[in-house]
Amino acid sequence: MNYKSLAVIVGCAALLLTGSAYADDYVFTLKDHKFTPEQLIVPAGQKIKITVRNMDKTPAEFESFDLNREKVVKGGEEVTVILGPLDAGVYQVFDDFHKDTTTGTIKAQ
Ligand SMILES: [Cu+2]
């Protein structure tokens, strides 16, 4: 092994640890069919990556008419949603499979 391959391995390990190339990673957790946090605060005016983590056993569908997004998240799994750059404001999100109980917002500021 030379230094170059070592550097590649260390670089890959760092990427695995941080999980993404995005500077900021925002997490929406679904548990007992509730979003945590209820309102996710993100920066306006830049691209952001949101991880939607479903801690429930049943599938969810992360959906937002405001943001024009719809993505199924299986029970115990997670998906990533790329958004933005967003204008400052509050955007409604919900779980389309449990829309009576499971709503939240994303606030860009
Ligand atoms: Cu839907």
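Placed above this text is the structure.
Residues numbered from 1 in each chain as written. Predicted model: local features only at pLDDT ≥ 70, side-chain atom pairs only at ≥ 80, totals over all residues. Heavy atoms only, no water.

Visitor: Go over the coordination of the copper ion, please, and point to the residues and values.
Guide: Coordination of the copper ion by the protein is provided by Glu 61 (OE), Glu 63 (OE), Glu 70 (OE) and Asp 96 (OD), with metal-donor distances spanning 1.9 to 2.2 Å. Angles of 93 to 154° at the metal separate the four donor atoms of the copper ion, which places the site in the irregular class. Between the donor residues of the copper ion, the gaps in sequence give the motif E-x1-E-x6-E-x25-D. A residue pair is termed long-range when its members are at least 10 positions apart, and Glu 70 in strand S6 (residues 69-73) and Asp 96 in the loop between strand S8 (89-95) and strand S9 (103-108) qualify at 26 residues. Looking at Asp 96, the relative accessible area reads 22%, which means it is partly exposed. (Donors = N, O, S within 2.8 Å, 3.2 Å for Na, K, Ca; no water. Tetrahedral: all angles 85-135°; square planar, octahedral: opposite > 155°, others 65-115°. Helix = DSSP H or I, 4+ residues; strand = E, 2+ residues; numbered from the N terminus. Buried < 20%, exposed > 50% of the residue type's maximum accessible area, 1.4 Å probe, protein only.)

Visitor: Go over the packing of aromatic side chains, please, and point to the residues and values.
Guide: This structure, assessed with the given rule, holds four aromatic pairs. Note on Phe 65 and Phe 94: the rings are 5.3 Å apart at their centroids and 55° apart in plane angle, and the pair reads as tilted. Of this pair, Phe 65 sits in the loop between strand S5 (60-64) and S6 while Phe 94 sits in strand S8; the two residues are 29 residues apart in sequence, bridging distant segments of the chain. Judged by its relative accessible area of 64%, Phe 65 is exposed. (Phe/Tyr/Trp six-rings, centres within 6.5 Å; stacked < 30°, edge-to-face > 60°.)

Visitor: Please set out the sheet that holds S9 residue by residue, giving values where relevant.
Guide: Reading across from one edge, S3-S9-S8-S5-S6 is the order of the five strands in this open sheet, with mixed pairing throughout. Taken across any chain shown, the strands that pair with only one partner, and hence form the sheet edges, are strand S3 (39-42) and S6. For this sheet the average axis-to-axis angle between neighbouring strands, irrespective of direction, equals 20°. (Pairing = 2+ DSSP bridges. Axes fitted to C-alpha atoms, helices over the stretch in contact; angles between N-to-C directions.)

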